[in-house]
Amino acid sequence: MKKEDLLNSDFLKQFRTGAELTSFLEQLQKRGIEQLLEGEMDDHLGYDKHSRTEGTNTRNGHSTKSINTKSGKSEITVPRDRDGSFNPVLIPKRKSMVEGIENVIISLYAKGMSVNDIEEQIKEVYNFDISGSTISRITDRISQDITNWQNRPLESTYLVVWMDGIVFKVRENSKVIEKTIYIAIGLGVDGKKDVLGIWLGKSESASFWMSVLTDLKSRGVMDILITATDNLKGFTEAIKAIFPQATKQICIVHQIRNCCKYVSWNDRKEFAGDMKNIYNASNPDAAANALDELEKKWGNKYAYAIKSWRTNWNELTAFLNFPLEIRKIIYTTNVIENLNGKIRKYTKNKLSFPTDEAVLKSVYLAINQSAKKWTMPIRNWGQILNQFLILFENRIII
């Protein structure tokens, strides 16, 4: 039946009540699903219904199945084949739910809704009951997806790897404690970003980061050209231990924030303005002169803030040894902090997570949603790749 026929006023007059119209639409959906399944069977067998075939596998009648759809529960007929190899994509074997509903459940879970909240939402919107245990089974499949994803082989070389942590409250032994999700994003030779993995630890530490880097190496990463991280104590040494050739860049934004902690509010704006002369310098020598000037002006008053620059000088100014296009993508960890912000958006409804598995599932789903746009190389990639090839010609294989 054509859409315009359904909307025709004479056609609609035959339905005296809303219930009659609803019943008709349910039957229409039922017939639509059954026709789609017949089409899947045609494709599976390689010939249309009622056509002749020389193959050994043929149609073998139908079976009935109770399914849940957006319109509620429905009984449908499912075509069978003689050797039992037909497994519909629309409604796979051993499932009683149209795939769209499962996607809705996973999407709601990704946005931080509890099992009970999802159960109520499905009841309210789609008008059928689904048990909490069924919802849990659907979301539990994500755990296997995480395992497969977390153990997948990686590229041998990444031009840049950004690393940072994000803290969540998780229940453990009847107490709510803070735990850190460690995240690494890699920039491949194709210019595309990829989340290399997520790891859960009790608190951010250099030793845990070493285990993360070891895991990356065990999954095939042989070389990282540049790392961009915060200035966590011992982080640089951890990177050196696993990827000794990597150029290590400490995030300038983290450095500015840390310095300003030791500067009084009245002086903070002026002090921050003077610091700009360091990280906006044209080269490392100019940056060193700017730091000397900063110390002459503020050293007696804010010695610790100056010391933090000198202690990590090589890692803070590493980006100044690169062309401007590369500098822009390595001088901060903004790439990963933007991702963290999107993860927070999806998980903001969760004040705490009941288990480690729950927080891993939520973060994994949030990353899947957020990284959908990472399909294109970063801007000006052709020019940037050529710069990398010149600077690291013996370490990049295309």
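Residues numbered from 1 in each chain as written. Predicted model: local features only at pLDDT ≥ 70, side-chain atom pairs only at ≥ 80, totals over all residues. Heavy atoms only, no water.

Concerning the overall build of the protein
Okay, so step 1: The helix and strand inventory of the protein stands at 17 helices and 7 strands.
Okay, so step 2: A total of 398 residues make up the protein; the buried ones form 44% of that total.
Okay, so step 3: Summarising the internal contacts of the protein: among those between residues at least 6 apart in sequence, 62% fall at separations of at least 24.
Okay, so step 4: Carbon and sulfur atoms make up 49% of the accessible area of the protein, which totals about 21900 Å². (Helix = DSSP H or I, 4+ residues; strand = E, 2+ residues; numbered from the N terminus. Buried < 20%, exposed > 50% of the residue type's maximum accessible area, 1.4 Å probe, protein only. Contact = heavy atoms within 4.5 Å. Areas by Shrake-Rupley, 256 points an atom, 1.4 Å probe, with all protein chains shown as cover.)

Side note on helix α10 (residues 265-279)
Okay, so step 1: The end-to-end C-alpha distance of α10 is 22 Å, a good match for the 21 Å that 15 residues give at a rise of 1.5 Å each.
Okay, so step 2: Inspection of α10 places Asp 267, Phe 271, Asp 274, Met 275, Ile 278 and Tyr 279 among the buried residues, and these make up the whole buried set.
Okay, so step 3: The elements touched by buried residues of α10 are α9 (252-260), α11 (284-298), α12 (303-311) and α13 (313-316). (Expected span 1.5 Å × (residues − 1).)

Overview of the confidence of the model for the protein
Okay, so step 1: Averaged over every residue, the pLDDT of the protein is 84; the share at 70 or more is 81%.
Okay, so step 2: When pLDDT is averaged over each element of the protein, strand β6 (residues 223-229) comes out on top at 97 and helix α1 (residues 3-6) at the bottom at 49. (pLDDT = per-residue confidence, 0-100.)

Focus on a positive patch on the surface
Okay, so step 1: A surface patch of positive charge is lined by Lys 342, Lys 345, Lys 348 and Lys 373.
Okay, so step 2: Summarising the element assignment, Lys 345 is placed in helix α15 (residues 334-347).
Okay, so step 3: Of the residues examined, Lys 345 reaches a relative accessible area of 60% and is grouped as exposed. (Patch = residues over 30% accessible without salt bridge, like charges linked within 9 Å, V, L, I, M, F, W, Y side chains within 5 Å. Salt bridge = Lys/Arg side-chain N within 4 Å of Asp/Glu carboxyl O. Lys, Arg positive; Asp, Glu negative; His and termini not counted. Charge placed at Lys NZ, Arg CZ, Asp CG, Glu CD.)

Brief notes about the packing of α15 against helix α16 (residues 356-370)
Okay, so step 1: Where α15 meets α16, the closest approach of the two axes is 9 Å, and the angle between their N-to-C directions is 120°. Between α15 and α16, the angle falls in the class oblique. The two elements α15 and α16 cross, and the hand of that crossing is right-handed. Where α15 approaches α16, its residues Leu 339, Lys 342, Ile 343, Tyr 346 and Thr 347 are matched on the opposing element by Ser 362, Val 363, Ala 366, Ile 367, Gln 369 and Ser 370.
Okay, so step 2: Its residues assigned to classes, the contact of α15 with α16 shows 6 nonpolar, 4 polar and 1 charged. (Axes fitted to C-alpha atoms, helices over the stretch in contact; angles between N-to-C directions. Parallel < 35°, antiparallel > 145°, perpendicular 65-115°, else oblique. Left-handed = near helix turned anticlockwise from the far one by under 90°. Nonpolar A, V, L, I, M, F, W, Y, C, P; charged D, E, K, R; others polar.)

Some remarks on the sheet that holds β6
What links the strands of a sheet is backbone hydrogen bonding, and the strands pair in either a parallel or an antiparallel sense.
Okay, so step 1: Strands sit in the order β5-β4-β3-β6-β7 across an open sheet of 5 strands; the sheet is mixed. Only two strands of the sheet have a single neighbouring strand rather than two, namely β5 (193-201) and β7 (247-250). Strand after strand, the sheet turns through a mean of 25° between neighbouring axes, direction not considered.
Okay, so step 2: One ladder, built from 5 bridges, connects strand β3 (residues 157-172) with β6; its direction is parallel. The partner of Val 161 across the bridge, within β6, is Thr 227.
Okay, so step 3: Against the sheet, α15 touches β3, β4 (175-187) and β5, its axis set at about 30° to β3. (Pairing = 2+ DSSP bridges.)

Side note on the packing of aromatic side chains
Okay, so step 1: For the structure shown, the criterion picks out 13 aromatic pairs.
Okay, so step 2: Note on Tyr 182 and Phe 208: the rings are 4.2 Å apart at their centroids and 20° apart in plane angle, and the pair reads as stacked. In this pair, Tyr 182 is assigned in strand β4 and Phe 208 in helix α7 (residues 206-218), connecting sequence segments 26 residues apart.
Okay, so step 3: You can call Tyr 182 buried: its relative accessible area is 0%.
Okay, so step 4: Cluster of aromatic residues (ring-pair linked, three or more members): Tyr 182, Phe 208, Trp 209 and Phe 235.
Okay, so step 5: One Lys or Arg, Lys 217, reaches over the ring of Phe 243 and ends 5.6 Å from the middle of that ring.
Okay, so step 6: The lysine or arginine in question, Arg 344, covers the ring of Phe 168, its NZ or CZ lying 4.7 Å from the ring centre. (Phe/Tyr/Trp six-rings, centres within 6.5 Å; stacked < 30°, edge-to-face > 60°. Lys NZ or Arg CZ within 6 Å of the ring centre and 35° of its normal.)

Section: the pattern of salt bridges
Okay, so step 1: As enumerated under the stated definition, the model contains 14 salt bridges in all.
Okay, so step 2: In this structure, the salt-bridge partner of Glu 337 is Arg 257, at a minimum N-O distance of 3.7 Å. With Glu 337 in helix α15 and Arg 257 in helix α9, this pair connects stretches of sequence that are 80 residues apart.
Okay, so step 3: For the salt bridge of Lys 297 with Glu 270, the shortest nitrogen-to-oxygen distance reads 2.8 Å. With Lys 297 in helix α11 and Glu 270 in helix α10, this pair connects stretches of sequence that are 27 residues apart.

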